[in-house]
Amino acid sequence: MESNDVMIARRRLLAGAVGMAALAQAPWALAKLPSSGVKGLIGGASDGALDKLAQPGAFYRDTAVRILLPGAGGKLASKLFGVGDKLGLTTNLTKSLNDAGGKAAGEAKPIFRSAIDNLRWSDAPALVSKQDGATRYLQTSAGDTLFGKVSPLVGSALENVGAYRQLDQLAKGNSLMASAGLTRDGLTRSVTEQALKGIFHYMANEEAALRRNPGRLLKGIF
């Protein structure tokens, strides 16, 4: 026998799924989609993107979202590191940054879901015409909030994967590092920004796929 909470959650999920199923009937159907359906769409896109990027090595393997050292895609950092770069130390650090991004993505689902729930999706006309409209609306409306919530996750992950330690070792005796943003705070900020950019990139792709095949959201409900 299901509890009342479980029954309520199932009804809400079904409401969103039914709304999403309407998208299969006509390209303009999102204009009449209830807010629960829009949340189901972007929630599914968010979960899908985070699941993919949380896989080991996902950020680093995909050059479209690979996280680089601060400073013109890491080029300035490489010049400042000099000999360290020749020894492959910056490559190891870059991989650590991407590992940290993946770990943060793996813990970010509740944060993204909360941001999605707190937005007024009925006020987003761009959702009607663009394949990634919901993702872009979330990015524009809640980007700063998401940055503030995800940044501590990134900082903790950078510590856990040893990125801060590697940065400190490479920075020894190099007075120009701070000016390039190569401090712990600067690195955390840069990795957070790049990780969020990658997450939104993946979310846009997931949203477009769900619009083409809204039935994917029905899987696992029954």
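Residues numbered from 1 in each chain as written. Predicted model: local features only at pLDDT ≥ 70, side-chain atom pairs only at ≥ 80, totals over all residues. Heavy atoms only, no water.

## Brief notes about the environment of Leu93
Looking at the element boundaries, Leu93 is found in helix 6 (residues 89–107). The exposure class assigned to Leu93 is buried, which follows from its relative accessible area of 0%. Measuring from C-alpha to C-alpha, the distance between Leu93 and Ala163 comes to 6.0 Å, with 70 residues separating the pair along the chain. (Helix = DSSP H or I, 4+ residues; strand = E, 2+ residues; numbered from the N terminus. Buried < 20%, exposed > 50% of the residue type's maximum accessible area, 1.4 Å probe, protein only.)

## A few points about the pattern of salt bridges
Counted under the stated rule, the structure contains seven salt bridges. For Lys52, the salt bridge goes to Glu206, with nearest N and O atoms at 2.5 Å. You can see Lys52 sitting in helix 2 (residues 35–53) and its partner Glu206 sitting in helix 11 (residues 184–212), a full 154 residues away along the chain. Its relative accessible area of 45% is what places Lys52 among the partly exposed residues. One salt bridge in this structure joins Arg184 and Asp168, with 2.6 Å as the shortest N-O distance. Separated by 16 residues along the polypeptide, Arg184 in helix 11 and Asp168 in helix 10 (residues 163–171) bring together distant segments of the chain. Residue class for Asp168 comes out partly exposed when judged on its relative accessible area of 34%. (Salt bridge = Lys/Arg side-chain N within 4 Å of Asp/Glu carboxyl O.)

## What about the confidence of the model for the chain?
Looking at the chain as a whole, the pLDDT averages 79, with 68% of positions reaching at least 70. Least confident of the elements in the chain is helix 1 (residues 4–21), whose mean pLDDT is 48; most confident is helix 3 (residues 58–61), at 97. (pLDDT = per-residue confidence, 0-100.)

## What to know about the packing of aromatic side chains
Across all of its chains, the model carries two aromatic pairs by this definition. The ring of Tyr60 has Arg66 lying over it, and the distance from NZ or CZ to the ring centre is 4.1 Å. (Phe/Tyr/Trp six-rings, centres within 6.5 Å; stacked < 30°, edge-to-face > 60°. Lys NZ or Arg CZ within 6 Å of the ring centre and 35° of its normal.)

## Some remarks on helix 7 (residues 109–118)
The complete set of buried residues in helix 7 reads Ile111, Phe112, Ala115 and Ile116. In an axial view of helix 7, the angular spread of the buried residues amounts to 135°, which keeps them on one side of the axis. Exposed and oriented more than 90 degrees from the buried face of helix 7 are Pro110 and Asn118. (Arc of directions from axis to C-beta.)

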